[in-house]
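# Secondary and tertiary structure notes
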Amino acid sequence: QGRDPAHVVGARCQLQGLLSSLCHHPQQPAQAMESLPRLKPLVAVCQVTSTPDKELNFTSCARLVREAAGRGASIIFLPEGFDYIGENTAQTLSLAEGLDGDIMGRYMQLARECKVWLSLGGFHERGQDWVTTQRIYNCHALLDPAGKLVAAYRKTHLCDVELEGRVSMRESSFTNPGTEILPPVDTPVGKLGLSVCYDLRFPEVSLALRRAGAQLLTYPSAFTFPTGSAHWEVLLRARAIECQCYVVAAAQTGQNHGTRTSYGHAMVVDPWGAVVAQCHEGPGLCYAEIDLGYLQLVRRQMPVQGHRRHDLYGTVEAKGLAPVP
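Residue positions are given per chain, counted from 1 along the sequence in the order it is written. Where local features are concerned, this predicted model is filtered to residues with pLDDT of at least 70; where side-chain atom pairs are given and counted, the filter is 80 or more; whole-chain, interface and lining totals use all residues. Computation of side-chain values: all heavy atoms of the structure, hydrogens and water removed.

Going by an unreviewed UniProt entry, the protein chain carries the name Deaminated glutathione amidase and comes from Indicator maculatus. If you open the UniProt record of the protein chain and go to Sequence similarities (unreviewed entry), you find "Belongs to the carbon-nitrogen hydrolase superfamily. NIT1/NIT2 family." UniProt positions are given in the numbering used here, feature names are shortened, and annotations may be inferred rather than shown by experiment.

Here the focus is the sheet that holds strand β10 (residues 216-218). Within the open sheet, the six strands sit side by side as β8-β9-β10-β11-β14-β15. Their pairing is mixed. If you trace the sheet from one side to the other, it starts and ends with β8 (185-187) and β15 (275-278), each paired once. Each neighbouring strand pair of the sheet contributes to a mean axis angle of 25°, computed without reference to strand direction. Here the rule is simple: two strands pair whenever DSSP picks up at least two bridges between them. Strands here mean DSSP runs of E at least two residues long; helices mean DSSP runs of H or I at least four residues long; both are numbered from the N terminus. Summarising the sheet, β8 and strand β9 (residues 190-194) pair through three bridges and their orientation is antiparallel. The residue bridging Asp186 from the neighbouring strand is Lys191, located in β9. Where helices are involved, their axes are fitted lines through C-alpha atoms of the stretch in contact, as for all axes, and angles between N-to-C directions lie from 0 to 180°.

Next up on the list: the confidence of the model for the protein chain. When pLDDT is averaged along the protein chain, the result is 88, and 86% of the positions lie at 70 or above. Throughout residues 1-36 the model reports pLDDT below 50, and contacts reaching past four residues in sequence, or to other chains, amount to 62 contacts. Residue-level confidence of the predictor, termed pLDDT, takes values from 0 up to 100. By definition, residues are in contact when any of their heavy atoms lie within 4.5 Å.

The backbone of Lys115 sits at a positive phi, close to 60°, despite the residue not being glycine. Positionally, Lys115 belongs in the loop between α6 (102-114) and β3 (117-125). Burial classes follow relative accessibility: with a 1.4 Å probe on protein chains only, a residue under 20% of its type's maximum area counts as buried, one over 50% as exposed, and anything between as partly exposed. For Lys115, a relative accessible area of 65% translates into the label exposed. Phi at His265 is positive, roughly 60°, even though this residue is not glycine. Mapped onto the elements, His265 comes out in the loop between β13 (260-263) and β14 (267-269). You can call His265 partly exposed: its relative accessible area is 22%.

Its 19 residues give helix α9 (residues 225-243) an end-to-end C-alpha distance of 26 Å, which sits within 8% of 27 Å, the value for a rise of 1.5 Å per residue. Of the residues making up α9, those classed as buried are Thr227, Gly228, Trp232, Leu235, Leu236, Arg239, Ala240 and Cys243. Of the residues flanking the end of α9, it is Gln244, one or two places downstream, whose phi is positive at about 50°. Expected span of a helix: the number of residues minus one, times 1.5 Å.

Further remarks concern the environment of Cys61. On the secondary structure map, Cys61 appears in helix α4 (residues 54-70). Along the sequence, Cys61 and Asp83 sit 22 residues apart, while their C-alpha atoms lie 8.8 Å from each other. Non-local contacts of Cys61, meaning those with residues more than four positions away in its chain, are made with Val48, Leu78, Phe82 and Tyr107.

We now examine the nonpolar core. In terms of nonpolar packing, the biggest core is built from 52 residues, with Val43, Ile75, Leu142, Leu217, Trp232, Leu236 and Val268 touching the most fellow members. By residue number, the principal contributor to this core is α9, which donates five residues. Not counting residues up to four positions away in its chain, the partners in contact with Val43 are Ala73, Ile75, Phe77, Val189, Val268, Cys286, Tyr287, Ala288 and Ile290. By size, the runner-up hydrophobic cluster in this structure holds 33 residues, among which are Ala44, Val48, Leu143 and Leu285. Here, the term nonpolar core denotes a set of buried Ala, Val, Leu, Ile, Met, Phe, Trp, Tyr and Cys residues that are joined through side-chain atoms within 4.5 Å.

A separate point is helix α10 (residues 292-301). Those residues of α10 that sit buried are Tyr294, Leu295, Leu297, Val298 and Arg299. The term polar contact refers here to a pair of N or O atoms within 3.5 Å; inside protein, the definition further demands a hydrogen-donor-capable atom paired with an acceptor-capable atom, and it admits residues adjacent in sequence only when both atoms are side-chain atoms. Two or three places before Gly293, at the start of α10, stands the capping residue Asp291, its side-chain oxygen 3.1 Å from that residue's backbone nitrogen.

Any two rings among Phe, Tyr and Trp, with Trp reduced to its six-membered ring, count as a pair given centres within 6.5 Å; such a pair is stacked if its planes are under 30 degrees apart, edge-to-face if over 60, and tilted if neither. Following the criterion strictly, the structure yields six aromatic pairs and no others. Consider the rings of Phe82 and Tyr107, whose centres lie 5.1 Å apart with planes at 90°: the pair is edge-to-face. With Phe82 in the loop between β2 (75-78) and α5 (89-95) and Tyr107 in helix α6, the pair connects residues that are 25 residues apart, well separated along the chain. Comparing Phe82 with Tyr107 shows no difference in burial state: the two are buried.

What follows concerns the pattern of salt bridges. Definition used for salt bridges: Asp or Glu carboxyl oxygen within 4 Å of a side-chain nitrogen of Lys or Arg. This model, assessed by the stated rule, comprises twelve salt bridges. Between Arg154 and Glu125 there is a salt bridge, and its shortest N-O distance comes to 2.8 Å. Here Arg154, found in strand β5 (residues 149-154), pairs with Glu125, found in strand β3; they are 29 residues apart in sequence, far enough to count as distant. Given a relative accessible area of 26%, Arg154 falls into the partly exposed group. A residue is classified by how much of its surface remains accessible, and Glu125, at 5% relative accessible area, is buried. Two residues, Glu233 and Arg237, come together in a salt bridge whose shortest N-O distance is 3.6 Å. With Glu233 and Arg237 both in helix α9 and four residues apart, this pair spans about one turn of that helix. For Glu233, a relative accessible area of 33% gives the class partly exposed.

The structure is reproduced here in structure tokens:
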């Protein structure tokens with residue numbers, strides 16, 4: 001108990017190769033997974049290639065959910081755009097549904113059938129204001145094993161990015177921003193803080209969730225290849241380190257349609273910042289055990305939350321200088 005966390009992680013990293021070997025494609029054999037004793041709660045993280053075909057997407061996602069449930073996962077994470085990824089704004093809006101629609105109803109039934117929690121990160125939601133705004137919400141829906149909608153977080157930071165010749169996105173042109181950060185939700189693997197994709201770039205969100213008691217942070221995403229290859233892993237590890245939380249990040253991968261390619265690399269990062277599970281190329285699953293005892297050890301031996309100077313933050317002024325954009 002008195003060891004420095006780095007030594008603890010050194011021992012734990014011997015397990016990383018084993019955990020990584022469990023990141024597999026659906027068609028691979030599961031004997032290695034089934035032979036392991038289950039001592040701590042298990043999370044399963046999905047990597048998928050959504051297209052505009054909603055029926056095909058549901059079939060692919062449901063297959064992964066059933067496989068992960070069969071391996072004993074307590075909660076299964078699906079990425080942003082698990083329902084579909086449209087080729088253009090008009091198609092994206094036309095395919096959207098409400099939380100009381102057919103697609104969410106099918107996932108509620110799937111949660112009941114498999115008796116698992118489902119993190120559905122990035123549902124194209126027609127909200128109650130659809131008629132007046134003609135815009136949707138990017139909604140992270142959390143279902144319990146009874147199929148009940150436990151939480152619905154609506155993405156607060158919208159991705160408006162112009163990287164000349166590489167990436168052009170203007171999510172705000174068809175999406176309403178959410179208006180609140182939700183408190184962490186009690187789950188079998190710990191207190192879960194909900195975010196979506198671009199929220200990852202704003203540490204204020206993760207720190208607020210940490211102050212509210214979060215033990216896991218989740219970032220279901222559809223990172224593009226240029227931004228993902230540069231920033232994905234480093235941002236996930238940074239959020240884990242600064243908040244001393246597990247970070248769980250389901251991801252889109254591959255060619256979603258003719259003009260869109262997603263980065264992939266779905267992963268789980270532990271509270272010391274070590275990548276303990278990661279998906280390979282193509283659709284598939286990776287798994288990680290959540291060790292809240294280890295999380296408490298990291299927090300106890302380096303109590304950064306207690307060292308924060310809230311009396312100082314937000315008070316710095318650059319006197320005589322123009323505001324920095």
